[in-house]
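Each chain, letter by letter, is given below.
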Amino acid sequence: MAVGSFDNSANHPRALATSLASGSWRRAARVRLPATAATRAPARGSSLNAAACIAGHGCVTAGSFALRSGGWAGLVLTRSAV
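Along each chain, residue indices are assigned from 1 in the same order as the chain's sequence is written. Local features are withheld for residues below a pLDDT of 70 in this predicted model, meaning they are given only at 70 or higher, and side-chain atom pairs are given and counted only at 80 or more; totals for whole chains, interfaces and linings count all residues. Hydrogen atoms and water are omitted, and side-chain values are computed over all heavy atoms in the structure.

**Considerations on the pairing of strand 8 (residues 72-80)**
Rules: Should DSSP find at least two bridges between two strands, the strands are taken to pair. Helix numbers and strand numbers start at the N terminus; a helix is a DSSP run of H or I with at least 4 residues, a strand a run of E with at least 2.
The sheet contact formed by strand 7 (residues 58-66) and strand 8 spans nine bridges and is antiparallel. In the sheet register, Phe65 faces strand 8, and the bridge partner there is Ala73. The antiparallel hairpin formed by strand 7 and strand 8 contains five residues in its connecting segment, where Gly70 sits at a positive phi of about 105 degrees.

**Remarks on the side chain of Thr18**
Cut-off, in case you're wondering: Remark: exposure states derive from per-residue accessible area (1.4 Å probe, protein chains only) relative to the maximum for the residue type, with buried under 20%, exposed over 50%, and partly exposed in between. In the analysis that follows, any N or O atom pair within 3.5 Å is treated as a polar contact, provided that within protein one partner can donate a hydrogen and the other can accept it, and provided that, for residues neighboring in sequence, both atoms belong to side chains. Contacts are residue-level and defined by heavy atoms, with any inter-residue pair within 4.5 Å sufficient.
Looking at the secondary structure, you find Thr18 in strand 2 (residues 13-18). Residue classification places Thr18 among the buried residues on the basis of a relative accessible area of 12%. A distance of 2.5 Å separates a polar atom in the side chain of Thr18 from the backbone oxygen of Arg26. When sequence neighbours within four positions are dropped, the list of residues in contact with Thr18 reads Met1, Ala2, Trp25, Arg26, Arg27 and Ala28.

**Let's talk about the sheet that holds strand 1 (residues 2-7)**
Spatially, the three strands line up as an open sheet ordered 1-2-5, and their pairing is antiparallel. The sheet terminates laterally at strand 1 and strand 5 (29-30), the two strands that pair on one side only. Judged from the two bridges that link them, strand 2 and strand 5 form a sheet pairing that is antiparallel. For Leu16, the partnering residue across the bridge sits in strand 5 and is Arg30.

Okay, structure coming up:
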C-alpha cells in the first residue's frame, strides 16, 4: 500500500491510495471523503500520510482533510484483504 496526495486541476491536494499486486502497482484511486469535507474554496484538500498493512488481513491508512466548517480533521481508512 502506498498513500499520498496529488494536486487536482484547481491546485488543491487530494488524497490517493494504491497497492502492489503480483509485482505491479495498481492505478491509484482517489479517496472518498466524509460529507463534512470542504468542497469549495478557500479551504479544500486532503492527504494520506501513513499506511500499515498485515499480510492476509488488510491495511489501515491515516491522514487529514479540510472541514466545511473550517479547520482540519483526522482521516483513518481501512481496507480488508481480498
